[in-house]
Amino acid sequence: AAMQAGDTVQVTGGGYKGSTGVIQEVDGELAKVSLNSFGAPMTARIPLSQLEAPATAAAASTTAPVQVAAGDEVNVTGGGYKGSTGLVEAVDGDLAKVKVQSFGPPMSVRIPISQLEKR
């Protein structure tokens, strides 16, 4: 499946390995990705070969799927917001919109449900 703008991806190699982000545009073998690592959003150009959809990573996991719903308080267990706590605002497929308290004011971010656990 070809990756395209708007897809949420996990970085599997290179200097941004372990980060998650959203593809802004695809240019040949590179994707311009808005990363949510280290508190401050940033954009990086990353080879498509170093990106995968978080669902792929979740499917490889042997843990039972996490069930979260709007209003749940959660701990973030992976990705750029690992260690943060938040409040689920909405669930959309395998992503949850979570208001996280990370660095500075709370902000809403989309996090794969596989990276959340209920508090």
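## Some thoughts on the overall build of the protein
(1) Moving on: Per the secondary structure count, the protein includes 1 helix and 10 strands.
(2) Moving on: Scanning the protein from its N terminus toward the C terminus, one meets helices and strands in the order β-β-β-β-β-α-β-β-β-β-β.
(3) Moving on: Scored against the burial criterion, the 119 residues of the protein give a buried share of 34%.
(4) Moving on: When contacts within the protein are restricted to residue pairs at least 6 apart in sequence, those whose partners lie at least 24 apart make up 35%.

## Considerations on the confidence of the model for the protein
(1) Moving on: On average, residues of the protein score 82 in pLDDT, and 83% of them reach the 70 mark or higher.
(2) Moving on: Contacts for the low-pLDDT stretch residues 56–63, under 50 throughout, to residues beyond four places or in other chains number 3 contacts.

## Quick word on the sheet that holds strand 10 (residues 116–118)
One key point about sheets: their strands pair by backbone hydrogen bonds, in either a parallel or an antiparallel sense.
(1) Moving on: One open sheet holds the 5 strands; their spatial order is 9-8-7-6-10, and the pairing between them is antiparallel. Each edge of the open sheet carries a strand with a single partner, namely strand 9 (107–112) and strand 10. With direction set aside, neighbouring strand axes in the sheet form an average angle of 45°.

## Details of the nonpolar core
(1) Moving on: Listed in full, the 12 residues of the largest apolar core are V68, V74, V76, Y81, V88, A96, V98, V100, V109, I111, I113 and L116.
(2) Moving on: Contributing elements (two or more residues each) for this core: strand 6 (73–76), strand 8 (95–101) and strand 9.
(3) Moving on: Take this core: its biggest share by element is 3 residues, from strand 8.
(4) Moving on: Counting 9 residues, the second largest nonpolar core, distinct from the first, contains L35, A44, I46 and L51.

## A few points about the sheet that holds strand 2 (residues 20–27)
(1) Moving on: The 5 strands lie next to each other as 4-3-2-1-5, forming an open sheet whose pairing is antiparallel. Edge strands, defined here as strands with exactly one partner in the open sheet, are strand 4 (42–47) and strand 5 (51–52).

## A look at the pattern of salt bridges
(1) Moving on: Applying the stated criterion across every chain, the model contains 6 salt bridges.
(2) Moving on: Across the salt bridge formed by D92 and R110, the nearest N and O atoms sit 2.9 Å from each other. With a gap of 18 residues between them, D92 in strand 7 (residues 85–92) and R110 in strand 9 connect regions that are remote in the sequence.
(3) Moving on: When its relative accessible area of 40% is taken as the criterion, R110 is described as partly exposed.

Here is what the cut-offs are and how they apply
- Residues numbered from 1 in each chain as written.
- Predicted model: local features only at pLDDT ≥ 70, side-chain atom pairs only at ≥ 80, totals over all residues.
- Heavy atoms only, no water.
- Helix = DSSP H or I, 4+ residues; strand = E, 2+ residues; numbered from the N terminus.
- Buried < 20%, exposed > 50% of the residue type's maximum accessible area, 1.4 Å probe, protein only.
- Contact = heavy atoms within 4.5 Å.
- pLDDT = per-residue confidence, 0-100.
- Pairing = 2+ DSSP bridges.
- Axes fitted to C-alpha atoms, helices over the stretch in contact; angles between N-to-C directions.
- Core = buried A, V, L, I, M, F, W, Y, C linked by side-chain atoms within 4.5 Å.
- Salt bridge = Lys/Arg side-chain N within 4 Å of Asp/Glu carboxyl O.

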